[in-house]
Amino acid sequence: MDVKKDQGERIEVIYSAALIRERIDRLAQEIASRDMRNLLVISILKGSFIFAADLIRALHVAGLSPQVDFMTLSSYGAGEKSSGQVTVARDFDLDVTDRDVLLVDDILESGRTLAFARETISGRGADRVFSCVLLDKRGHRVAEIDADFVAFDCPDVFVVGYGMDAGYRFRELPFVGRVVQDDG
Ligand code: IMP
Ligand code: MG
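Residues numbered from 1 in each chain as written. Chains lettered and ligands numbered in written order. Predicted model: local features only at pLDDT ≥ 70, side-chain atom pairs only at ≥ 80, totals over all residues. Heavy atoms only, no water.

Applying the stated rule across the entire model yields 17 salt bridges. With a shortest N-O distance of 2.8 Å, Asp-54 and Arg-57 are connected by a salt bridge. Taken together, the positions of Asp-54 and Arg-57, both in helix H2 (residues 49-61) and three residues apart, correspond to about one turn of that helix. On the accessibility criterion, Asp-54 (28% relative accessible area) is partly exposed. Across the pair Arg-141 and Asp-146 runs a salt bridge, and its minimum N-O distance is 3.0 Å. For Arg-141, a relative accessible area of 23% gives the class partly exposed. Taking relative accessible area as the criterion, Asp-146 reaches 48% and is therefore assigned partly exposed. Salt bridges linked by common partners bring Asp-136, Arg-138, Arg-141, Asp-146 and Asp-153 together as one network. (Salt bridge = Lys/Arg side-chain N within 4 Å of Asp/Glu carboxyl O. Helix = DSSP H or I, 4+ residues; strand = E, 2+ residues; numbered from the N terminus. Buried < 20%, exposed > 50% of the residue type's maximum accessible area, 1.4 Å probe, protein only.)

Structure representation (structure tokens):
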């Protein structure tokens, strides 16, 4: 069921809340089966905050006890187009030396964000760096990188909801969808 946000504007559901929940439970089992040592989850803000919140609780159910930290990276401004330049707006706090780290992000698109995060964390002495993304848009890769864990392969559309925004809107939606303008 679509959700009306404004006159002439609705959000078409692509991944429902129920589908996301079910997929994350299975993803957490997959991650837990991989012998993670002294695991630190680093959620890449802002877009992954809801995904990370659900994933770490699913990891708990799957038997893991990760520590959790956050890193704010930015490549998008207020619009829908990436600037291409990744910058650290807020760094994480914990020591990653000799640890397994699981990077969590909302979308893997060009790969610049994840490649940057991975290099940064490896450079600080992490033992192994894994990555987990909610959505993989494979058509636009610039950096040579793939995620270790992917919830969904995503069609090539700009998506919002479940933490992801368009011009700072729609993060609150419990599902992933796309904005559709109705004519008339
Ligand atoms: P990349 O660096 O090109 O891989 O871009 C990844 C980042 O761009 C993601 O973490 C998102 O924050 C953002 N992004 C890419 N596509 C979308 C989209 O369709 N909706 C919202 N954010 C997006
Ligand atoms: Mg992001």
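Not every one of the 15 residues close to ligand 1 is listed here, only the nearest: Asp-106, Ser-110, Thr-113, Lys-137 and Val-159. At a separation of 3.1 Å, an oxygen atom of ligand 1 approaches a polar side-chain atom of Asp-105. Residue Thr-113 places a side-chain N or O atom 2.5 Å away from an oxygen atom belonging to ligand 1. For ligand 1, the protein covers 92% of the area, taking 490 Å² as the surface of the free molecule. Broken down by secondary-structure element, the contributors of at least two residues to the shell around ligand 1 are strand E6 (100-108) and helix H3 (112-123). Of the residues forming the shell around ligand 1, the biggest block, four residues, is contributed by E6. When the residues that make up the shell around ligand 1 are grouped by side-chain class, the tally is six nonpolar, three polar and six charged. (Near = heavy atom within 4 Å. Polar contact = N/O pair within 3.5 Å; in protein donor to acceptor, adjacent residues only side chain to side chain. Areas by Shrake-Rupley, 256 points an atom, 1.4 Å probe, with all protein chains shown as cover. Nonpolar A, V, L, I, M, F, W, Y, C, P; charged D, E, K, R; others polar.)

With that settled, the discussion passes to the side chain of Glu-9. You can see Glu-9 is positioned in strand E2 (residues 9-15). On the basis of relative accessible area, Glu-9 is assigned to the buried category, the value being 8%. Only 3.1 Å separates the side chain of Glu-9 from the side chain of Arg-169, close enough to count as a polar contact.

With that settled, consider the pairing of strand E3 (residues 40-45). In terms of burial, E3 is largely enclosed, as six of its six residues are buried. Residues Leu-40, Ile-42 and Ile-44 line one face of E3 and the alternating positions Val-41, Ser-43 and Leu-45 line the opposite face, and both faces are buried. Strand direction decides the pairing type here: E3 and E6, joined by four bridges, are parallel. Of the residues in E6, the one forming a bridge with Ser-43 is Val-104. (Pairing = 2+ DSSP bridges.)

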